[in-house]
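Examination of the molecular architecture
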Amino acid sequence: MRSSEDKLAAGSLESYPDDHSRREFLLRAGGAVAGAAFIGVTSQSFAAPERRKVKFVGPLSNAERKSRRKKVYALKKRLALQEYKSPVVPLSLNGDEAVYPNGIACFSKSLPHDENGIADPAALQAFLQACQAGTAKAFEDVPAGGGLLQFKNPMAGYGYTLTGTDPHNTYLPPPPTLASAEQASEAAEVYWQALLRDVPFSQYARSPLVQAACDDLNRFSDFRGPREGAAVTPQTLFRSTIRGASAGPYLSQFLLKEMTMGHTPMSQMYLCAEPGSDYVHTWEEWLALQRGIVPSLDVPLQPAKRFLTTGRDVAHHVHLDFPYQTTMTAALVMANIGVPVNASNPYLAMPRQCAFATFGQADVMAAIAQVSTLALKTAWRHKWTLHRRTRPEEFCGRVHRRLTAGLDFPVNTELLGSRVLEETFSRTGSYLLPQAFPEGSPAHPSYPSGHATFLGACVTVLKAYYNETHVIPDPVVPSDDGQLLLPHQGPPLTVGSELNKLASNVAFGRNFSGVHWRTDATEGILLGEQVAISMLRDFKATYSEQFQFRFSSFNGTVIII
């Protein structure tokens, strides 16, 4: 007796078990006949083909499909059980909200504020209760300060994800306390970044003001930036401590080199903000921003495109970017310069097959997009439900009010004795932090930086797919005017180090803007790495290929999944 597969091969309608399938067969057959008639060909035009001994292989049987369904269920159950059995991550807060019940250490932008910039107690209480409740209605009921500024998507911090670790079971150390020496050093650093926005990175070694910044930061007892020997130097200034971020030129090659979009070569020249385009110099402007009154968002732009050369250029670049933009660009650059895949890629041992939907560029681009969303949800969990750290814009308002109105805000004396406050006042007439964006900081808490978190996650994914030890060919640096790329002379630059530097550049670009702190950036990058590793772990379980993800973490440890 013939099997249903044999009947199907012979064209028998009996192989279709129901009327729906029978109709589908007739429609398909009719389409084939119509197509043949259209081009003037009949079945008599061809001789009968020679019978070959090839057995038709049909689709999976119902029994096999049911078996696969059980395997899918078992896989999802195993991953869920693995997540369920993972240790509960301990929580650690810096305690500032309890120490300062008037809310001066708590993010409060867009709430009503008094003339000293302190949030209205009732509004602050409603805000904190909304953060605890985690409902859309609770956030809608928080009183506004009179402006139109909206909270930036707090509900994202309370949702769930079905890939990777639950955002509520990720680790993030507490940020520095408001009155600590570490907080003072981070405040001094963002003041210096604002003052040095228009100095080209290539000129740091020759700039007296850069040297003044290094000397000043070396005074602080708890500054945690990278050093050469025991000192902050022009080479280490405004860089992160992750592996490779302080080596070579300030800017990553992935922010400079040409990419190819499809068949179109594209340079990385951008419209950049005009030098000196700083905002929020008066108390009235600052207070309006805290109350949610947003000014015009227009930023004057330079007339010609240029390569990024300054802190202001990087700040403007990360002002309106989308989450995985810079890492998508990095992937395109790697394709353009021929970066090989990671040595753990299984297709290196398959000469008859190539990668595409798995391990190919399609897979990479989808993965960085997916992990950026997971990273943002994780960052938002920490921002809204745990830390609610005040922004540099808000903190420096406390510094200004202490120095101009004598209010007893808890500012560490190491900051009060810093030269950067004198330099800021002589340039702007206030002790407020000059902002690179007219609107100042966005309306969500500071810690961790969202940009840092999704860059940490996306860069981790790229290192998992590409060969991070590959030396980048023909490295470049921009000319001071940003119109040319010049050859870089120095030790070789590897893909892994330049990807790490990319994460650092983007994260610290937000610090150059005046909207984030050093620890927002450094800890956000590490948080993003956690998210990416957990996502890759789940991905690994779903691939049909046999392989391991193998790459280096931001501190140099080899990660094997």
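Residues numbered from 1 in each chain as written. Predicted model: local features only at pLDDT ≥ 70, side-chain atom pairs only at ≥ 80, totals over all residues. Heavy atoms only, no water.

Here we come to the environment of Ala188. Inspection of the secondary structure assignment puts Ala188 in helix 7 (residues 181–195). Here the alpha-carbon distance between Ala188 and Cys396, two residues 208 residues apart in the chain, equals 9.9 Å. Contacts of Ala188, omitting those with residues within four sequence positions, involve Asp216, Leu217, Phe220, Leu415, Ser418 and Val420. (Helix = DSSP H or I, 4+ residues; strand = E, 2+ residues; numbered from the N terminus. Contact = heavy atoms within 4.5 Å.)

Right, let's talk about the environment of Asp278 for a bit. With respect to the element layout, Asp278 can be found in the loop between strand 2 (264–266) and helix 9 (283–290). With relative accessibility at 17%, the residue Asp278 sits in the buried group. Measuring from C-alpha to C-alpha, the distance between Asp278 and Ala122 comes to 33 Å, with 156 residues separating the pair along the chain. Not counting residues within four places of it along the chain, the set of residues in contact with Asp278 comprises Arg197, Arg312, Pro434 and Gln435. Side chain to side chain, Asp278 and Arg312 meet in a polar contact 3.0 Å long. (Buried < 20%, exposed > 50% of the residue type's maximum accessible area, 1.4 Å probe, protein only. Polar contact = N/O pair within 3.5 Å; in protein donor to acceptor, adjacent residues only side chain to side chain.)

Under the counting rule described, the total for this entry stands at 27 aromatic pairs. Aromatic side chains Tyr543 and Phe547 sit 5.3 Å apart centroid to centroid with 70° between the ring planes, which places their arrangement in the edge-to-face category. You'll find Tyr543 and Phe547 in the same group, each marked buried. Between the NZ or CZ atom of Arg219 and the centre of the ring of Phe220, over which it lies, the distance is 5.3 Å. Lying across the ring of Phe547, Lys540 places its NZ or CZ 5.1 Å from the centre. (Phe/Tyr/Trp six-rings, centres within 6.5 Å; stacked < 30°, edge-to-face > 60°. Lys NZ or Arg CZ within 6 Å of the ring centre and 35° of its normal.)

Turning our attention to the nonpolar core. In this structure, Trp192, Leu237, Phe254, Leu415, Leu462, Tyr465 and Phe549 are the most contacted members of the largest nonpolar core, which totals 107 residues. With 10 residues, helix 16 (residues 450–465) is the largest single contributor of residues to this core. For Trp192, the contacting residues outside a window of four places in its chain are Leu209, Ala212, Ala213, Asp216, Leu217, Phe238, Arg419, Val420 and Glu423. (Core = buried A, V, L, I, M, F, W, Y, C linked by side-chain atoms within 4.5 Å.)

Below, the discussion takes up the environment of Ala245. Tracing the backbone shows Ala245 in the loop between helix 8 (208–219) and strand 1 (259–261). Filtering out sequence-adjacent residues up to four positions away, Ala245 remains in contact with Arg239, Ser240, Lys501 and Ser504.

Before going further, it helps to spend a moment on the pattern of salt bridges. With the rule as written, the count across this model stands at 19 salt bridges. The closest approach of N and O atoms between Lys137 and Asp141, which form a salt bridge, is 2.7 Å. Of the charged contacts, one joins Asp520 and Arg389 as a salt bridge, the two residues approaching to 2.9 Å between their closest N and O atoms. Placement of the pair is Asp520 in helix 18 (residues 518–542) and Arg389 in the loop between helix 12 (361–387) and helix 13 (392–405), with a sequence separation of 131 residues. In this structure Asp520 comes out as buried when scored by relative accessible area, which is 0%. One connected set of salt bridges, linked through shared partners, spans Arg197, Asp198, Asp278 and Arg312. (Salt bridge = Lys/Arg side-chain N within 4 Å of Asp/Glu carboxyl O.)

It is worth spelling out the packing of helix 7 against helix 15 (residues 419–428) at this point. At a minimum axis separation of 9 Å, helix 7 and helix 15 run at an interaxial angle of 35°. Along this stretch, helix 7 crosses helix 15, giving a crossing that reads as left-handed. Packed against helix 7, whose contacting residues are Ala188, Tyr191, Trp192, Ala194 and Leu195, the element helix 15 presents Arg419, Val420, Leu421, Glu423, Thr424 and Arg427 at the interface. Residue composition of the contact of helix 7 with helix 15, by class: 7 nonpolar, 1 polar and 3 charged. (Axes fitted to C-alpha atoms, helices over the stretch in contact; angles between N-to-C directions. Left-handed = near helix turned anticlockwise from the far one by under 90°. Nonpolar A, V, L, I, M, F, W, Y, C, P; charged D, E, K, R; others polar.)

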